[in-house]
Amino acid sequence: MAIEIKTPRGQIIQTTTKSGKVKAELTWNRNFAPTRTAKFSRAQKFVDSEVLRYCSALVPFQTGMLDRSGKLGTVIGSGLVQYIAPYAAKQYYDTAESRPYDSNRGAKWFERMIVAHKTEILNGAKKLM
């Protein structure tokens, strides 16, 4: 009698001989780790890109440098989105959450973006996995 269990990571085959001895063989899928790593990397790049894209409409805008500093300060796929303008932290924490010229732009743009678009970003990442 043979029992076979297959998963994406590999398989286990267990057989019982006529004498009653049990033999089990574990075979790892050599492509599993590289494939999963590639999928995780693709999903992380997607999340980073979407965070920048959705935040872009919420970042305070006078010259556009604050928004561009997010694109320049972020290595897509690293999982860390950084706005590197010297005044970015001040704009993020110490200003109003809306502006007279655009009520969507203002402080704490990431928190406001994640409330509005979290589900879309997560669903997109799941599709890539």
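I will try to describe carefully the structure that is included in this document.

What counts, and where the lines are drawn
Residues numbered from 1 in each chain as written. Predicted model: local features only at pLDDT ≥ 70, side-chain atom pairs only at ≥ 80, totals over all residues. Heavy atoms only, no water. Helix = DSSP H or I, 4+ residues; strand = E, 2+ residues; numbered from the N terminus. Buried < 20%, exposed > 50% of the residue type's maximum accessible area, 1.4 Å probe, protein only. Contact = heavy atoms within 4.5 Å. Areas by Shrake-Rupley, 256 points an atom, 1.4 Å probe, with all protein chains shown as cover. Arc of directions from axis to C-beta. Pairing = 2+ DSSP bridges. Salt bridge = Lys/Arg side-chain N within 4 Å of Asp/Glu carboxyl O. 1 Å grid on protein atoms, 1.4 Å probe; cavity = no way out; pocket = protein on both sides within 12 Å on 5 of 7 lines; lining within 4 Å. Points joined across faces, edges and corners; volume = space filled by probe spheres on them. Nonpolar A, V, L, I, M, F, W, Y, C, P; charged D, E, K, R; others polar.

### Side note on the overall build of the chain
Here is step 1: For the chain, the count of helices and strands is four helices and three strands.
Here is step 2: The N-to-C order of helical and strand elements in the chain reads β-β-β-α-α-α-α.
Here is step 3: Seen through its C-alpha atoms, the chain measures out along the principal axes to roughly 85 × 25 × 20 Å.
Here is step 4: Of all 129 residues assigned to the chain, the portion counted as buried reaches 25%.
Here is step 5: In the chain, the share of contacts with a sequence separation of at least 24, taken over all contacts with a separation of at least 6, comes to 43%.
Here is step 6: Working note: accessible area of the chain is about 9,100 Å², and carbon and sulfur atoms make up 58% of it.

### Description of helix α2 (residues 65–73)
Here is step 1: Buried residues of α2: Leu-66, Asp-67, Ser-69, Gly-70 and Gly-73, and no others. Taken end-on, α2 shows its buried residues confined to a sector of 155°, consistent with a single buried face.
Here is step 2: Elements that come into contact with the buried residues of α2 comprise α1 (32–56), α3 (88–93) and α4 (109–128).

### Some points on the pairing of strand β1 (residues 2–7)
Here is step 1: Sheet topology note: the β1/strand β2 (residues 10–16) ladder contains six bridges and is antiparallel. The residue bridging Glu-4 from the neighbouring strand is Ile-13, located in β2.
Here is step 2: Between β1 and the antiparallel strand that follows it, β2, lie two residues.

### Overview of the pattern of salt bridges
Pairs can form between side chains of opposite charge once their charged atoms are near each other.
Here is step 1: Considering all chains together, one arrives at four salt bridges under this definition.
Here is step 2: A salt bridge links Glu-50 to Arg-53; the shortest N-O distance between them is 2.8 Å. Here Glu-50 pairs with Arg-53, and both are found in helix α1, just three residues apart, close to one helical turn.
Here is step 3: Residue class for Arg-53 comes out partly exposed when judged on its relative accessible area of 48%.
Here is step 4: Asp-102 serves as the salt-bridge partner of Arg-105, at 3.4 Å between the closest nitrogen and oxygen.
Here is step 5: Assessed through its relative accessible area of 16%, Arg-105 is described here as buried.
Here is step 6: Its relative accessible area of 23% is what places Asp-102 among the partly exposed residues.

### As for unusual backbone geometry
When glycine is set aside, most residues are seen to have a negative phi, and most peptide bonds are trans.
Here is step 1: Unusually for a residue other than glycine, Lys-108 sits at a positive phi of about 50°.
Here is step 2: Considering the arrangement of structural elements, one finds Lys-108 in the loop between α3 and α4.

### Focus on the layout of surface pockets
Here is step 1: By volume, the largest pocket is sized at about 210 Å³.
Here is step 2: Looking at the lining of the largest pocket, the elements with two or more residues in it are α1, α3 and α4.
Here is step 3: Classifying every residue of the lining of the largest pocket gives 12 nonpolar, no polar and no charged.

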